[in-house]
Amino acid sequence: MSKVALITGITGQDGSYLAELLLSKGYKVHGIVRRVALEDATHRLWRIRKILKDVTLHAGSLESYASLFNIILKIKPTEVYHLAAQSYVGYSFEDEFSTLNININGTHYLLSATKEFISSKVRFYFAGSSEMFGKVKETPQNENTLFYPRSSYGISKVTGYYLTKNYRDAYNLHASNGILFNHESPRRGFEFVTRKISHAVAKIKNGSHEKLKLGNIKAKRDWGHAQDYVNAMWLMLQQDKPGDYVIGTGKEHSVEDFAKKAFAHVGLNYKDHIVIDKVLIRPAEVDALLANSTKAKKNLGWEPKISFDDLVVSMVENDLKNLR
């Protein structure tokens, strides 16, 4: 009998890669999307257009418990992957209220709806974030590192993390938290700094752009490829016991490093094209994040396969192709 997976955020970067992974493993894959007009469908669903015929989409909202409950009742999933969120940290400073409302209540509603079907042995995954560590108390960060979030996005993810642990402890739900460090790909949204860089590099190389505005280029992150990270999500739900796992490469690079590598790939010097814009510097900055994924390696057998250099090159090449 085929396993049935439900993915919130299926149209996003991680959701699209996860859907492809699960389909390759024989799952029946369902996803939740906001109801969209026909003229918006192509734009909203571009990441999953190649697998649209293979997945089943359901109109629903994280802000509506009833819609989530009815979808779960209808499809009776064996695995639920909660990836949907207001996930852009910069925007969370502009609209704290919707970030907290969607991310916290949406997680609570989905956990509560999933709990009602616990007799079916359903398993639940929550997408945490390295932003939960924020102003880090130790480096590198592992599953025992104290949280110190520096944005409403980080705060919402900490709350979702503890909600997931609570449902695991209180209701014996097989619920796991993935504390994922920064992971990118050619499917990254244009609002994120990595895609902003790769897209600008392609435009500058193409002669249609001259300068790239960035904020804190000294900020350091542990960057991996989303394709590696969705495999970690899947592995967590295949374990006999649920748990919490830090997922990252264990290697640190600055925004400046990313830009330097991206420009160098097309034969340009990044210093000739970057302008520092203080407006883009966040009110409360997270200076450095670095993962210690020893537990994931030991318990899940997980290790990243795609290098930082290959990640940067793949993003630049994709944007060059799109412009052509």
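About the criteria used
- Residues numbered from 1 in each chain as written.
- Predicted model: local features only at pLDDT ≥ 70, side-chain atom pairs only at ≥ 80, totals over all residues.
- Heavy atoms only, no water.
- Helix = DSSP H or I, 4+ residues; strand = E, 2+ residues; numbered from the N terminus.
- Expected span 1.5 Å × (residues − 1).
- Buried < 20%, exposed > 50% of the residue type's maximum accessible area, 1.4 Å probe, protein only.
- Arc of directions from axis to C-beta.
- Contact = heavy atoms within 4.5 Å.
- Core = buried A, V, L, I, M, F, W, Y, C linked by side-chain atoms within 4.5 Å.
- Phe/Tyr/Trp six-rings, centres within 6.5 Å; stacked < 30°, edge-to-face > 60°.
- Axes fitted to C-alpha atoms, helices over the stretch in contact; angles between N-to-C directions.
- Parallel < 35°, antiparallel > 145°, perpendicular 65-115°, else oblique.
- Left-handed = near helix turned anticlockwise from the far one by under 90°.

1. Let's talk about helix 11 (residues 308-323)
In this model, helix 11 (16 residues) spans 23 Å end to end at C-alpha, consistent with the 22 Å of a helix rising 1.5 Å per residue. Among all positions in helix 11, only Phe-308, Leu-311, Val-312, Met-315, Val-316, Asp-319 and Leu-320 are buried. Down the axis of helix 11, the buried set is contained in an arc of 165 degrees. They therefore lie on one face. In the core, the buried residues of helix 11 are packed alongside strand 7 (183-184), helix 7 (193-205), strand 10 (224-225), strand 12 (253-254) and helix 9 (255-265).

2. Looking at the side chain of Thr-11
Its place among the elements puts Thr-11 in the loop between strand 1 (4-8) and helix 1 (13-24). The exposure class assigned to Thr-11 is buried, which follows from its relative accessible area of 17%. Leaving out residues up to four positions away in the same chain, Thr-11 has contacts with Val-33, Arg-44, Leu-45, Arg-47 and Ile-48.

3. Considerations on unusual backbone geometry
Cis geometry is found at the peptide bond from Thr-139 to Pro-140, where omega equals 0 degrees. Within the secondary structure, Pro-140 sits in the loop between strand 5 (123-129) and helix 6 (152-171). Positive phi is not limited to glycine here, since Lys-76 has a value of about 50 degrees. Mapped onto the secondary structure, Lys-76 falls in the loop between helix 3 (65-75) and strand 4 (79-82). Owing to a relative accessible area of 53%, Lys-76 belongs among the exposed residues under this scheme. With phi around 60 degrees, Asn-172 is a residue other than glycine that occupies positive phi space.

4. Notes on the environment of Gly-178
By secondary structure assignment, the location of Gly-178 is in strand 6 (residues 174-180). Linking Gly-178 and Arg-35, residues 143 residues apart in sequence, is a C-alpha distance of 28 Å. Beyond its immediate sequence surroundings of up to four residues, Gly-178 is in contact with Tyr-125, Phe-126, Ala-127, Gly-128, Ser-129, Met-236 and Tyr-245.

5. Observations concerning the environment of Lys-297
Tracing the backbone shows Lys-297 in helix 10 (residues 294-300). Along the primary structure Lys-297 and Thr-159 are separated by 138 residues, whereas in three dimensions their C-alpha atoms are 26 Å apart.

6. Describing the nonpolar core
Judged by nonpolar contacts, the single largest core of 34 residues is most densely connected at Ile-7, Leu-18, Leu-22, Tyr-81, Tyr-125 and Ile-247. Of all the secondary structure elements, the ones that give two or more residues to this core are strand 1, helix 1, strand 2 (28-33), strand 5, helix 8 (226-236), strand 11 (244-247) and helix 10. If you tally residues by element for this core, the top one is helix 8, at eight residues. Judged by nonpolar contacts, the second largest core, of 33 residues, contains Val-80, Met-132, Phe-147 and Val-158.

7. Here's the deal with helix 3
Given 3.6 residues to a turn, an α-helix orients residues that are three or four positions apart in the same direction. Here helix 3 has its buried residues at Ser-67, Leu-68, Ile-71, Ile-72 and Ile-75. Buried residues of helix 3, seen end-on, are gathered within an arc of 130 degrees and therefore sit on one face of the element. Against the buried residues of helix 3 lie strand 1, strand 2, strand 3 (55-59) and helix 5 (96-115). A positive backbone phi angle near 50 degrees is found at Lys-76, which sits one or two residues after helix 3.

8. Considering the packing of aromatic side chains
When we look at a pair of aromatic rings, we describe it by the centre distance and by the angle of the planes. All told, the structure shown has 14 aromatic pairs when counted by the stated rule. Judged by centre distance (6.1 Å) and plane angle (75 degrees), the ring pair of Phe-147 and Tyr-162 falls under edge-to-face. Here Phe-147 is found in the loop between strand 5 and helix 6, whereas its partner Tyr-162 is found in helix 6, with 15 residues between them in sequence. Accessibility expressed as a relative area gives 46% for Tyr-162, which makes it partly exposed.

9. As for the environment of Ser-307
Secondary-structure assignment places Ser-307 in the loop between helix 10 and helix 11. Separated by 84 residues in sequence, Ser-307 and Trp-223 place their C-alpha atoms 9.0 Å apart.

10. Points about the packing of helix 5 against helix 6
It is the contact of helix 5 with helix 6, at a shortest axis distance of 9 Å, that shows an interaxial angle of 15 degrees. Relative to helix 6, helix 5 is oriented roughly parallel. Regarding helix 5 and helix 6, the two cross each other, and that crossing is right-handed. The residues of helix 6 that touch helix 5, namely those facing Glu-96, Thr-99, Leu-100, Asn-103, Ile-104, Thr-107, His-108, Leu-111, Ser-112 and Lys-115, are Ser-152, Tyr-153, Ile-155, Ser-156, Thr-159, Gly-160, Leu-163, Thr-164, Tyr-167 and Tyr-171.

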